[in-house]
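Okay, here's what each chain looks like letter by letter:
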Amino acid sequence: MELDFSVLWKFTDALALGLWTTARLTLLCIVLGTAIGFLVGLARTSESRLLRVATATYVEFFRGTPVLIQLFWIFFCLPLILGVELSNFASGAIALTLYMGAITSETFRSSLRAVGREQMDACVALGLPRRVQVANVILPQAVLRAAPTLLSNCISLFKESALVSAVGMADLMFIGQNISNNTARPVEVLTAVALIYFVIAFPLTRAVTLIERRMLKKLAA
Amino acid sequence: MDYSLDIGAVTRNLGPLFEGLLVTVELTVAANLIGIVAGFGVALLVLARNPVLRLPAMLFVEFFRCTPAIVQVVWFFYCVPMLFNVFLDPITMGVLALGLNLTAFNAEAYRANIQAVPGEHRDAGIALGLSPAQRVLHIILPQALRASVPVLLTNGIGTFQQSALVAIVGVQDLMYQGKLLATETYRPIETFTVVALFYLAISFPVSQFVGWMERRRGIAAR
Amino acid sequence: MNANAEGQALVRIADLHKSYGPAIKVLRGLDIEMKPGERVVVIGPSGGGKSTLLRVVMGLEEIQGGSVSFAGRPYISVQGGKTQIDTEVRKKIGMVFQHYTLFPHLSVMQNLTLAPCKVNGESRAKATERGRAILARFGLEAKTDAYPSQLSGGQKQRVAIARALMLDPQLMLFDEVTSALDPELVAEVEAVILQLAAQGMPMMMVTHDMWFARNVASRVIFCAGGVVVEDGPPEQVLGNPREDRTREFIERVFHIKG
């Protein structure tokens, strides 16, 4: 078959619009999801058993099921339960925020645990009160340690966001599929869509590697 | 809410859901077979000194890791028949799409673990007079493969979850049957919840097992 | 008891019992009395409870029995099976660990000023000024703004000592502070400890370096099996021990016997 990538030039505006929707959705869910993830990560180390069980259930549920079904559940079921209409964007944002919260909470939890026993000994030997131990020693190290994995989580979310096309939200993937169907040029259009995702995600994964190396070196002291 | 739960709508229709689950499990197992074997081959290519072998393998891995799985699946279903003029049944297509995706992720796991074998072990192998092939076979690989098992399992269960994507291109897996049932019965809450629990019932034990394995390794490494 | 009385013990450890679980008894009724100005070096076979002893004195460990007093004030005791620690007294004691335990996300100066500012409410400017003086004394003025990962092991350990000194401790504990160092870096850390010793800083230390022990100690305690086996001046314990177990240990360490 003949490939003709020039067909794409007519649709640059539409693709840009789709990318803009993808970007907005991803950024919003990164901010909200990371905040939830941080709180849930803390709650999972809490003294309260109820809090631990509740947050563990949330995390395991969202990590143990396909994101697609989470999305469908929020999209089809939440409006029935709440009795209000939800826009496509709102459903997508809720589902992806909850997903992001679950995966980042694991990141925060393991980085909190990685702050070693010896650091705690040093805190005691210096007479630091609990509040200072948490605020000045544990949290800053946990956040530094979490940084590369958090960036990976953001990349995952960016990729998973393409699922919202399945519930009709006009993101990059949805618009790409529409163009592909209308022009009957799936190879050109879908390849272009894949390349757009790649061009954004690839440099970020390189950045993760670099940051990881620097953090590990710094925290190795 | 003006919606009364009727779990019977789902329990009366478990048959199709189980059929879907069977397809999902088939897809997962077949994709994992591809991923575990081909992933190792690709990892060796990525580590090759010869750039003619290395660069295409790296590109393959990075491309699959840096694009959404749904884009890969849709691309595969639409473009492979057009480009190569081959027409396979949807399940085979699904297996190939998921298998290639998993191959890329597993290759990365193998590569990382091969490179994580300490240089001292290679030195010790040289000091003991082992040939390069013997060093790879008897020192590097056994350690790297064992270290890779938890990640391979995690990736494998990830593919189990990702396999829901093939419902979008019409493969009649668990997700597909669930969506069909939800539409036919107008019972989305019950149906999607049960379908989600199906997925969870398989993912959760595996992820717990991986966690247990990693904790045990952590203790052994101390 | 009067804390200022002549001959008053600085640290009094009485009948100390410490175990990890029911099976592993590390300290079995240990008694030590340390006078002001003394520099006590604790030696002994590994697993003999030396490091645990220091960690108990710092208040890092739960104990099962006995008590520890500082300048006449009991600050570690067991009540109803729980270890009670008076943190006000504990603040007078500083400790340096084998693995530096600097805070990797803070610069050298921030490591020094964290505790004075947060615990004692000292102003940042004043703490920084004191920190500079201590760093200068230890030959580290060029490293003020460096991060721990940019320092050598010897430099890290000197910073760790400086950090502990920022709280004006009345007793310093050194737990195998040169064991993790490359041999050529040991001397610079030992020099700093000798400098403190010359200024009369009371200290209790665990070390495997018998030559250093002899140089710095005013008193050597040989600990084995969780009790004090021998206790005396360095010339005696290291040079001419009275107890057979001490002699065996010393001979093995100094390779006197094949």
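Residues numbered from 1 in each chain as written. Chains lettered and ligands numbered in written order. Predicted model: local features only at pLDDT ≥ 70, side-chain atom pairs only at ≥ 80, totals over all residues.

Description of the overall build of chain C
The cut-off we apply is this: Think of it this way: any DSSP run of H or I at least four residues long counts as a helix, any run of E at least two long counts as a strand, and we number them from the N terminus. Just to be clear, the radius of gyration here is over C-alpha atoms, and the globule rule we use is 2.2 Å times residues to the power 0.38. Counting other C-beta atoms within 10 Å of a residue's C-beta gives its exposure: the residue is buried at 20 or more, exposed at 12 or fewer, and partly exposed in between, where C-beta atoms are placed from the backbone. We call two residues in contact when the distance between their C-beta atoms, placed using the backbone, is within 7 Å.
Across its full length, chain C holds 9 helices and 11 strands. Relative to the globule expectation of 18 Å for 258 residues, the C-alpha radius of gyration of chain C, 19 Å, shows essentially globular dimensions. On the principal axes, the C-alpha backbone points of chain C span a range of 55 × 50 × 40 Å. Each of the 258 residues in chain C was classed as buried or not, and the buried ones make up 43%. Pairs at least 24 residues apart make up 63% of the contacts formed inside chain C by residues separated by at least 6 positions.

Considerations on the overall build of chain A
Check the secondary structure of chain A and you find 8 helices and 0 strands. Going residue by residue from the N terminus, the α and β elements of chain A occur as α-α-α-α-α-α-α-α. For chain A, the spread of C-alpha atoms along the three principal axes comes to 70 × 45 × 25 Å. Looking at chain A as a whole, 44% of its 221 residues qualify as buried. Contacts in chain A between residues far apart in sequence, at least 24 positions, make up 79% of those at least 6 positions apart.

Regarding the interface of chain B and chain A
Often the size quoted for an interface is simply the accessible area lost on bringing the parts together. Formally: Residue type decides the class: Asp, Glu, Lys and Arg count as charged, Ala, Val, Leu, Ile, Met, Phe, Trp, Tyr, Cys and Pro as nonpolar, and the leftover types, Gly among them, as polar.
Between chain B and chain A, the contact holds 34 residues from the first and 33 residues from the second. Looking at the side of chain B that touches chain A, the elements with two or more residues in it are α3 (51-65), α4 (69-84), α8 (174-185) and α9 (188-221) of chain B. Ranked by residue count, the leading element in the side of chain B that touches chain A is α9(B), at 10 residues. Classifying every residue of the side of chain B that touches chain A by side-chain character gives 26 nonpolar, 4 polar and 4 charged.

What to know about the arrangement of the chains
In this assembly, 2 pairs of chains are in contact, and the pair contributing the most contacts is chains A and B. The smallest C-alpha distance separating chain B from chain C is 16 Å, and no contact links them.

Describing unusual backbone geometry
Residues and elements named next belong to chain C. At D15, a residue that is not glycine, the phi angle is positive and equals roughly 50°. Structurally, the position occupied by D15 is in strand β1 (residues 11-20). Of the residues examined, D15 has 12 C-beta atoms within 10 Å and is grouped as exposed. At E176, a position not held by glycine, the phi torsion is positive, near 50°. With 18 C-beta atoms packed within 10 Å, E176 lands in the partly exposed category.

Focus on the environment of C:Q199
One can find C:Q199 in the loop between α6 (183-198) and β9 (203-206). The spacing of C:Q199 and C:G37 is 162 residues in sequence and 9.7 Å in space, taken between C-alpha atoms.

Some points on the nonpolar core
The following threshold applies: Buried Ala, Val, Leu, Ile, Met, Phe, Trp, Tyr and Cys residues form a nonpolar core when they are connected through C-beta atoms within 7 Å.
With 103 residues, the main nonpolar core has A:L68, A:I69, A:L71, B:V71 and B:V195 as its most contacted residues. Tallying contributions element by element places helix α5 (residues 90-116) of chain B first for this core, with 11 residues. Look past the residues within four positions of A:L71 in its chain and what remains in contact with it is A:G92, A:A95, A:L163, A:V164, A:A166 and A:V167. Core analysis: the second largest hydrophobic core is formed by 76 residues, C:M95, C:L102, C:L112 and C:A224 among them.

Here's the deal with the sheet that holds strand β6 (residues 82-85) of chain C
Residue and element names in this part refer to chain C. The test is simple: Strands are labelled as partners when DSSP assigns at least two bridges between them. Between N-to-C directions, angles span 0 to 180 degrees; the directions come from axes that are lines fitted to C-alpha atoms, helices contributing only their stretch in contact.
Overall, antiparallel pairing links the 5 strands, which are arranged β2-β1-β4-β5-β6 in an open sheet. Single-partner strands in this sheet number two, and they are β2 (24-34) and β6. Recorded for the sheet is a direction-independent mean angle of 20° between the axes of neighbouring strands. Summarising the sheet, β1 and strand β4 (residues 65-70) pair through 5 bridges and their orientation is antiparallel. The residue of β4 that forms the bridge with H17 is G65.

As for the packing of helix α1 (residues 12-43) of chain A against helix α6 (residues 130-160) of chain A
All names here are of chain A. This is how the line gets drawn: Should an angle fall under 35 degrees it is taken as roughly parallel, and over 145 as roughly antiparallel, whereas 65 to 115 is taken as roughly perpendicular and any remaining angle as oblique. A clockwise turn of the near helix away from the far one marks a right-handed crossing, whereas an anticlockwise turn of less than a right angle marks a left-handed crossing.
Between α1 and α6, the shortest axis-to-axis distance is 10 Å and the interhelical angle comes to 135°. As the angle between them shows, α1 and α6 are arranged oblique. Crossing geometry of α1 relative to α6 is assigned as right-handed. Residues T26, C29, I30 and T34 of α1 touch α6, and the partners they reach there are L150, C154, L157 and F158. A breakdown of the residues in the contact of α1 with α6 according to their chemical character gives 6 nonpolar, 2 polar and no charged.

A look at the sheet that holds strand β11 (residues 227-232) of chain C
Residues and elements named next belong to chain C. Spatial ordering of the open sheet is given by β7-β8-β9-β3-β10-β11, a layout of 6 strands whose pairing is mixed. Looking along the sheet, the strands with just one partner apiece sit at the ends: β7 (93-96) and β11. Direction aside, neighbouring strands of the sheet carry axes that sit 20° apart on average. Note that strand β3 (residues 39-43) and β9 share 4 bridges and pair parallel. Of the residues in β9, the one forming a bridge with V40 is M204. The strands that helix α5 (residues 153-165) touches are β7 and β8 (171-175); relative to β7, the one it contacts most, it runs at about 170°.

So, the packing of α3(B) against α5(B)
Residues and elements named next belong to chain B. At a minimum axis distance of 9 Å, the contact between α3 and α5 shows a crossing angle of 110°. With respect to α5, the axis of α3 lies roughly perpendicular. The handedness of the crossing between α3 and α5 comes out as left-handed. From α3, F60, V61, F64 and R65 reach across to α5, where they touch L100, N101, A104, F105, A107 and E108. Along the lines of polarity and charge, the residues of the contact of α3 with α5 split into 7 nonpolar, 1 polar and 2 charged.

Considerations on the interface of chain C and chain A
With 24 residues of chain C at the contact, the number on the chain A side is 20 residues. Elements that contribute at least two residues to the side of chain C that touches chain A include exactly α2 (87-90), β7 and α3 (108-119) of chain C. By residue number, the principal contributor to the side of chain C that touches chain A is α3(C), which donates 4 residues.

Re the environment of B:Q162
Residue and element names in this part refer to chain B. Counting through the fold element by element, Q162 comes out in helix α7 (residues 132-162). Given 26 C-beta atoms within 10 Å, Q162 falls into the buried group. The contacts of Q162, once residues within four sequence positions are left out, are A69, L98 and N101.

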